[in-house]
Amino acid sequence: MVKGCILPWMHIMADVSGDYKICCHVSQSSHTMGSHKDPISSLFNNDKYKEVRKQMLSGQIPNMCKIACYDIEDLGGESNRQQVNKRFKEFTKLQDYTNDDGSVNNNPIYLDVRFGNKCNFKCRICSPYASSAWFKDAKNVSAHKNAKAQLEDYYTDSPEFWEYLNKIKKSVKYFYFAGGEPLLMDGHYKLLQWFIDNNKTDVELTYNTNLSTLNYKNHDVFELWKHFDNISLWPSVDGYKSHCQYSRTNFNWDTFITNLLKVRKYVNTVSCTTSIYSILTTPELIAHMRTLNISTYLSILDTPHHLDMRLLPDNIKNKVNKKFEILKRKFSFNTDQLGNINKTVEFLNKNIENESNLLKRFKTYNSEVDIVNNTSFIKIYPELAEWYEQI
């Protein structure tokens, strides 16, 4: 059994900010493992990595992991830690070979590199930090008005990054692409070509993509993908039709379905982040995907807290509960799928601390975005109109 989380023994996450982290779910800026200013070749066995490994082996919970995973687990939800421990259970033995000082002798096996934050969507659960599309309107939204207009890409043109990749290429088995939107990033296509040129096409490529476009400059992603043995797409779609279009500005349901069918042979599952915006029609989304013979994975939103689905009123939670019960009677699910659904529902039905303040923050934030987008929350969510107006 994995002690803590397997990622510190196999994984490096290179953030859009130029910082390195244990994983993408660690959101606190103070919980970094290093910076792009530091030699990446020294990162995997630096003092921070060694300390996290020692803490996990001794049964301690690192502070950076508490909010990201353990708090979600305590509320009944499924965390990223639990997901990766199942996915990468074959690497559990790496923990047995940890040196006394917390260092390891192996190179990273799994890389997650964000080649900037270029994106064509302006999702409400997102921010200028992860989406360049937010820059223009950030000044008109209180939560984002102090955000940096960051479009730096610290890795695509970094000689040190490519030298390190060449050094560890034999050990790298997995590469994760997310954004921004990875299919709009120069670094993504440069890396695919690098893998092809270096005869490293056995690497497993995993994507979180909005599938808004399959064309970028002169690149043909299908021509590049055909060289690889294992490609797994996790297209992101938060809720069903109008609910997703509302919360993910510039999202178009018809375009998504058209492109989803084009890449169907690569699709592992669609990925839905459950939030105050998406959970009402998440059962409809799952049902629709089942008609396409595609599964849906639910991820519980951890931040921002004012968009947490637990803030919804009890009468709405009860309606969502009934929808999920009908869904489970109508379709059969395997153990993992059923567990994912049940953990999401369990989390939804929990109470949330500081509810009154968070609701006010939600109303302020959402109202400001509605003004910017010329949209209406109660038009899209009429069943929430009375609740929303009383906040």
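All of these numbers come straight from a predicted model, not from anything done at the bench.

Caption draft 1: Seen up close, the packing of helix 11 (residues 314-330) against helix 12 (residues 335-348). Interhelical geometry of helix 11 versus helix 12 gives an angle of 170° and a closest axis separation of 11 Å. Here helix 11 lies roughly antiparallel to helix 12, going by the angle between them. When you trace helix 11 past helix 12, the crossing you get is left-handed. Contacts from Lys317, Val320, Asn321, Phe324, Leu327 and Lys328 of helix 11 reach helix 12 at Leu338, Ile341, Asn342, Val345 and Leu348.

Caption draft 2: Spotlight on helix 1 (residues 47-57). Burial in helix 1 covers these residues: Tyr49, Lys50, Val52, Arg53, Gln55 and Met56. In this structure, the buried side of helix 1 is in contact with strand 1 (11-14), strand 2 (19-21) and helix 2 (63-74). If you check the start of helix 1, you find a side-chain oxygen 3.2 Å away from the backbone N of Lys48, and it comes from Asn46. A positive backbone phi angle near 90° is found at Gly59, which sits one or two residues after helix 1.

Caption draft 3: Representation of the sheet that holds strand 10 (residues 230-233) in the model. If you walk across this open sheet you meet the seven strands as 3-2-1-4-6-7-10, and the pairing is mixed. Only two strands of the sheet have a single neighbouring strand rather than two, namely strand 3 (34-35) and strand 10. In terms of strand pairing, strand 4 (residues 110-113) meets strand 6 (residues 174-177) through three bridges, oriented parallel. Of the residues in strand 6, the one forming a bridge with Leu111 is Phe175. Each of strand 6 and strand 7 (204-207) is contacted by helix 6 (residues 186-197), which is oriented at about 160° to strand 6, the strand it contacts most.

Caption draft 4: Main features of the packing of helix 9 (residues 253-262) against helix 10 (residues 282-291). Packing of helix 9 against helix 10 leaves a shortest axis separation of 13 Å and a crossing angle of 35°. Read as a crossing pair, helix 9 and helix 10 show a hand that is right-handed. Taken together, the residues of helix 10 that come into contact with helix 9 (itself represented by Trp253, Phe256, Ile257 and Leu260) are Leu285, His288 and Met289. Its residues assigned to classes, the contact of helix 9 with helix 10 shows six nonpolar, one polar and no charged.

Caption draft 5: Region of the structure containing the environment of Ser35. With respect to the helices and strands, the residue Ser35 is situated in strand 3. With relative accessibility at 17%, the residue Ser35 sits in the buried group. The spacing of Ser35 and Asp19 is 16 residues in sequence and 4.4 Å in space, taken between C-alpha atoms. When sequence neighbours within four positions are dropped, the list of residues in contact with Ser35 reads Gly18, Asp19 and Tyr20.

Caption draft 6: Main features of the packing of aromatic side chains. Per the stated rule, a full pass over the model turns up 36 aromatic pairs. For the pair Tyr207 and Trp225, a centre-to-centre distance of 5.5 Å together with 70° between the ring planes defines the contact as edge-to-face. Remark: Trp225 occurs in helix 7 (residues 221-225) and Tyr207 occurs in strand 7; sequence separation between them is 18 residues. Each member of the pair, Tyr207 as well as Trp225, is classed as buried.

Caption draft 7: Representation of helix 6 within the structure. If you check helix 6, its first and last C-alpha atoms are 17 Å apart, about what 12 residues at 1.5 Å a residue would give, namely 16 Å. Within helix 6, burial applies to Gly187, His188, Tyr189, Leu191, Leu192, Trp194, Phe195 and Ile196. Along its buried surface, helix 6 packs onto helix 5 (159-168), strand 6, strand 7, strand 8 (215-216), strand 9 (219-220) and helix 7. Of the residues one or two after helix 6, Asn199 is the one with positive phi, at around 55°.

Caption draft 8: Representation of empty space enclosed by the protein within the structure. The final tally for this structure, using the stated rule, is five cavities of 30 Å³ or more. There is about 80 Å³ of room inside the largest cavity. Around the largest cavity, the lining residues are Cys5, Leu7, Ile22, Cys23, Val26, Met56, Cys65, Ala68, Cys69, Tyr70, Asn80 and Arg81. Within the residue set of the lining of the largest cavity, elements represented by two or more residues are helix 2 and helix 3 (80-87). Among the elements that line the lining of the largest cavity, the one with the most residues is helix 2, at four residues. Per-class residue counts for the lining of the largest cavity are 10 nonpolar, one polar and one charged.

Calculation rules
Residues numbered from 1 in each chain as written. Predicted model: local features only at pLDDT ≥ 70, side-chain atom pairs only at ≥ 80, totals over all residues. Heavy atoms only, no water. Axes fitted to C-alpha atoms, helices over the stretch in contact; angles between N-to-C directions. Helix = DSSP H or I, 4+ residues; strand = E, 2+ residues; numbered from the N terminus. Parallel < 35°, antiparallel > 145°, perpendicular 65-115°, else oblique. Left-handed = near helix turned anticlockwise from the far one by under 90°. Contact = heavy atoms within 4.5 Å. Buried < 20%, exposed > 50% of the residue type's maximum accessible area, 1.4 Å probe, protein only. Polar contact = N/O pair within 3.5 Å; in protein donor to acceptor, adjacent residues only side chain to side chain. Pairing = 2+ DSSP bridges. Nonpolar A, V, L, I, M, F, W, Y, C, P; charged D, E, K, R; others polar. Phe/Tyr/Trp six-rings, centres within 6.5 Å; stacked < 30°, edge-to-face > 60°. Expected span 1.5 Å × (residues − 1). 1 Å grid on protein atoms, 1.4 Å probe; cavity = no way out; pocket = protein on both sides within 12 Å on 5 of 7 lines; lining within 4 Å. Points joined across faces, edges and corners; volume = space filled by probe spheres on them.

None of this, on its own, says anything about what the molecule does.
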